[in-house]
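Inside the fold
Each chain, letter by letter, is given below.
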Amino acid sequence: MASRSAKSGAATSADTSDRISSVLQEHRAFAPPASFRARAHVSSARQLASLRAEAEADPVAFWQERAKELAWFRPWKKVLDWKHPHARWFVGGTTNASVNCLDRHLGGWRRTKAALIWEGEMGEVRTMTYQQLHGQVCKAANALLKLGVQRGDVVAIYMGMVPETVIAMLACARIGATHNVIFGGFSSEAVRERINDSGAVVLITQDAAVRRGSIVELKSAADVAVKKCPSIRHMLVLSRCGVQVTMKRGRDLWWHDVVDGASPVNEPAQLDSEHPLFILYTSGSTGKPKGILHTTGGYLTQVAYTTRMVFDLQEDDVYFCTADVGWITGHSYVVYGPLMNGATVMIYEGVPNYPAPDRMWDIVERHAVSVFYTAPTAIRSFMKAGQAWPERHDLSSLRLLGTVGEPINPEAWMWYHSVIGKGRCPIVDTWWQTETGAIMISPLPGATTTRPGTATVPLPGIVADVVRKDGTSCGPNEGGLLVIKHPWPSMLRTIHGNDERYKAAYWSEFPKGRRHPGWYFTGDGARRDRYGNIWIIGRVDDVVNVSGHRLGTAEIESALVSDPRVAEAAVVARPDDIKGNALVAFVTVKVGVKASGALAESLRQHVGKEIGPIAKPDEIRFTDALPKTRSGKIMRRLLREIVTSGSATGDVTTLEDSGVLERLRSIEEE
Ligand code: WTA
């Protein structure tokens, strides 16, 4: 309950970077309800403090204890081998992710427990027990082996949210193939780029996906993509919608032809702890997406542990994380984490507001969902639709709420707390990244006093800090950079095929040297309040968070300039009530091209085609020139000011204004 319900008051914070601005201070605090604590895994601040003390005394020993909770074929010889900036965890140990998710539960009564409850957008429901899911995964694993997929090969998965997507991932893991899941909303070009960068040998896809009552053709998009993917030997195609597709003889095979008839018995591969489990592409501040590489033992250890602790998983929970498997949240907290814990996982195929804005609440009610994990952008859109929608439903099965992906504004937090959680359910605001693999900063719901807008403090075993550019720790409420100071088990191992970029992107800001031993830089600005809670201020690089999805502005710019009519483009974000950020593209056109509304729309479509609809700029502003430094660097900072401060709203006149340009010209390179 609120210990103090004072309104937020403004506070200033000293900035170490001109991009890190001050934020509001939040005084409302919510202690875990006694009813929740009664059966929580960690049920008091004291218990959490002792876990934390254990971890602080020896983080490596702490994680070793957690790893013992997994199933291993052979134990490790060394817990951590750290050669800055490369970590190997549980060195010499062998394990298998699918065994940890499935086989481990078959010895007892969990065999007949529901592993997946899937609901299609059209309302169909499929439930699969652990035993059944295991059988399907073994069949799919045997089918992949038959197609010639070998240990270490990469398999691309371009699908919607259907049970077979989970089966495909686990089948890859079972035989030691590295999966590369590509979000089903990406375009052919984006698929092609990811397949080629990862060198995938097989692409698993479906005829079409269901979305907002209509059909999205994935197979035909995949056909266009693989035209220029020499590494692809086969396409395995699930028939989801029964739409007509072209099957190329010898290359394309139906899932039902090769998987359904395969043997349900499969001996899992005994894989090294450092065997690559998956590559997942994410945006960086330069044009090309980064293939984040995660390996097996360390990833599974931290994902299993954080799922149990942060979501306080209980045997009778129905756990629903709304993320798509195309993102890291889907990997860690739809598939691996909950299944390793033997949970019942709710999966929904479609969009959250179809056919009406209460689809989520309808699902919660009908399936008695108890743990609900979503993103702030979704919460804001639920808020906008109005509380009458959730009020139509019995939400009393809910006991815990979670959020991830971007900072949650206190208003949305309070709405989530009162309208959805009815004041009963703790909220876990979880901070982490594709690169971190698992949750890093979060409350433990039975032990932590939460405050709207902060993910609170790092979990036991995670050493994070907010520091100045010189590496010294910031004082209370002083804005700085969020760093991780000690290797953690589920950390990325490298960027696939580009270790130099790995070093430059994450380890060059605070390099190993005399002042410190070298830290991981998250790319996020943050501050710590006087209670030690960490408040994320936002990205400090040219990565923006739109609807909880990370987009590199450079990637969108390069898509824009690939249109022959565009000379130059700069993309920046402006705050948006629902999406968190909206994208504004400043575009200069080539001589002889007329800027028009039609051109703007066609450029938006072009970006949709190059990357996917999520990357389409919300607004395109044509301009004669972009503000630049003398060396020709576009000054996005100025553009950001133009789009956020009301003074230059919505038109190009300010930029064309010679006074502004004059001032812009006189600014030296940073
Ligand atoms: C942001 C998603 C504030 C942050 C799991 C981070 C957050 C980026 C939170 C990673 C949160 C994620 N509060 N900001 N609880 N969670 N972020 O790789 O900027 O898609 O660096 O991973 O999202 O996004 P990614």
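Shown above is the structure to which this text applies.
Computed from a predicted structure; not experimentally measured.

1. Re helix α7 (residues 188–198)
Inspection of α7 places S188, A190, V191, R192, R194, I195 and S198 among the buried residues, and these make up the whole buried set. Once α7 ends, the next one or two residues include G199, with phi positive near 70°.

2. Concerning the nonpolar core
L133, L170, I204, F311, Y336 and L339 are the most contacted members of the largest nonpolar core, which totals 115 residues. Looking at this core, the element that brings in the most residues is helix α6 (residues 163–175), giving nine residues. Residues contacting L133, with those up to four places away along its chain left out, are L102, A115, L116, M128, I167, L170 and L339. Within the second largest apolar cluster, 46 residues are counted, among which are I195, A222, Y281 and A615.

3. Structural notes on the pairing of strand β18 (residues 290–295)
The two faces of a sheet get side chains in turn, since along a regular strand they alternate between them. Most of β18 is tucked away, with six of its six residues classed as buried. Across the two faces of β18 the burial is the same, with K290, I292 and H294 and G291, L293 and T295 all buried. Relative to β18, strand β17 (residues 276–282) runs antiparallel, the two being bridged by six bridges. Paired with I279 across the two strands is L293, which belongs to β18.

4. Description of the pattern of salt bridges
If charged atoms from side chains of opposite charge come close, those side chains can pair. Tallied over the entire structure, the rule returns 43 salt bridges. R126 is the partner of E164 in a salt bridge, and the nearest nitrogen-oxygen pair spans 3.0 Å. Of this pair, E164 sits in helix α6 while R126 sits in strand β8 (residues 125–129), and the two are 38 residues apart along the sequence. Exposure remark for E164: the relative accessible area of 10% places this residue in the buried category. Close ionic contact of E557 with R636 constitutes a salt bridge, the shortest N to O distance being 2.8 Å. Of this pair, E557 sits in helix α17 (residues 553–561) while R636 sits in helix α19 (residues 636–644), placing them 79 residues apart in sequence.

5. Re the state of the cysteines
Tallied over the entire structure, the rule returns zero disulfides. Considering cysteine sulfurs only, C101 is the nearest to C172, which forms no disulfide, with 13 Å between them. The thiol of C321 is not disulfide-bonded; the next cysteine sulfur, from C101, is found 14 Å away.

6. Thoughts on the pairing of strand β14 (residues 234–238)
For β14, the tally of buried residues reaches five of five residues, placing the bulk of the element in the interior. Residues H234, L236 and L238 point to one face of β14 and M235 and V237 to the other, with burial holding for every one of them. Alignment of strand β11 (residues 202–206) against β14, held across five bridges, turns out to be parallel. Along β14, the bridge assignment pairs T205 with V237. For β14 and strand β15 (residues 252–254), the ladder comprises three bridges, and the chain directions are parallel.

7. Focus: the site of the ligand
The local shell around the ligand holds 17 residues, among which D429, T430, T434, D524 and R550 are the closest. Here an oxygen atom of the ligand sits 2.6 Å away from a polar atom, N or O, in the side chain of T434. In this structure, R539 approaches the ligand through a side-chain N or O atom, which is 2.9 Å from an oxygen atom. Contact with the protein chains hides 95% of the accessible area of the ligand, taken as 530 Å² for the molecule alone. At the level of secondary structure, the elements contributing two or more residues to the shell around the ligand comprise α11 (328–340), β23 (427–430) and β28 (534–539). In the shell around the ligand, the residues fall into six nonpolar, six polar and five charged.

8. Some thoughts on the sheet that holds strand β3 (residues 72–74)
A sheet is described by the order of its strands in space; here three strands give the open sequence β3-β6-β16, paired in antiparallel fashion. This sheet does not close on itself; its edge strands, each paired only once, are β3 and β16 (271–272). Sheet topology places strand β6 (residues 94–95) next to β16; two bridges connect them, and they run antiparallel. Pairing of T95 across the sheet is with L271, part of β16.

9. Digging into the sheet that holds strand β31 (residues 566–576)
Within a sheet, each strand pairs with its neighbour through backbone hydrogen bonds, oriented either parallel or antiparallel. Spatially, the three strands line up as an open sheet ordered β31-β32-β33, and their pairing is mixed. The two strands at the open ends of the sheet, each matched to only one other strand, are β31 and β33 (619–622). Across the sheet, the axes of successive neighbouring strands diverge by a mean angle of 25°, strand direction being ignored. Across ten bridges, β31 lies against strand β32 (residues 580–589) in antiparallel orientation. Counted as the bridge partner of D576 is G580 from β32.

10. Overview of the packing of helix α3 (residues 59–67) against helix α10 (residues 297–310)
Viewed as axis vectors pointing N to C, α3 and α10 meet at an angle of 80°, and their least axial separation amounts to 9 Å. One way to sum up the angle between α3 and α10 is to call them roughly perpendicular. For the pair formed by α3 and α10, the contact residues are F62, W63, R66 and A67 on the first element and T301, Q302 and Y305 on the second. Counted by class, the contact of α3 with α10 contains four nonpolar, two polar and one charged residues.

11. Quick look at the packing of aromatic side chains
Summed over all chains, the structure comprises 29 aromatic pairs. Seen from their ring centres, W72 and W76 are 4.9 Å apart, and the 70° between their planes marks the pair as edge-to-face. Across the pair, exposure class does not vary: W72 and W76 are buried alike. Taken together, the aromatic side chains of W82, W488, Y502, Y506, W507 and Y520 make up a single cluster linked through ring pairs. A cation over a ring is seen here: R66 above F62, with NZ or CZ 4.2 Å from the ring centre.

Calculation rules
Residues numbered from 1 in each chain as written. Predicted model: local features only at pLDDT ≥ 70, side-chain atom pairs only at ≥ 80, totals over all residues. Heavy atoms only, no water. Buried < 20%, exposed > 50% of the residue type's maximum accessible area, 1.4 Å probe, protein only. Helix = DSSP H or I, 4+ residues; strand = E, 2+ residues; numbered from the N terminus. Core = buried A, V, L, I, M, F, W, Y, C linked by side-chain atoms within 4.5 Å. Contact = heavy atoms within 4.5 Å. Pairing = 2+ DSSP bridges. Salt bridge = Lys/Arg side-chain N within 4 Å of Asp/Glu carboxyl O. Disulfide = S-S within 2.5 Å. Near = heavy atom within 4 Å. Polar contact = N/O pair within 3.5 Å; in protein donor to acceptor, adjacent residues only side chain to side chain. Areas by Shrake-Rupley, 256 points an atom, 1.4 Å probe, with all protein chains shown as cover. Nonpolar A, V, L, I, M, F, W, Y, C, P; charged D, E, K, R; others polar. Axes fitted to C-alpha atoms, helices over the stretch in contact; angles between N-to-C directions. Parallel < 35°, antiparallel > 145°, perpendicular 65-115°, else oblique. Phe/Tyr/Trp six-rings, centres within 6.5 Å; stacked < 30°, edge-to-face > 60°. Lys NZ or Arg CZ within 6 Å of the ring centre and 35° of its normal.

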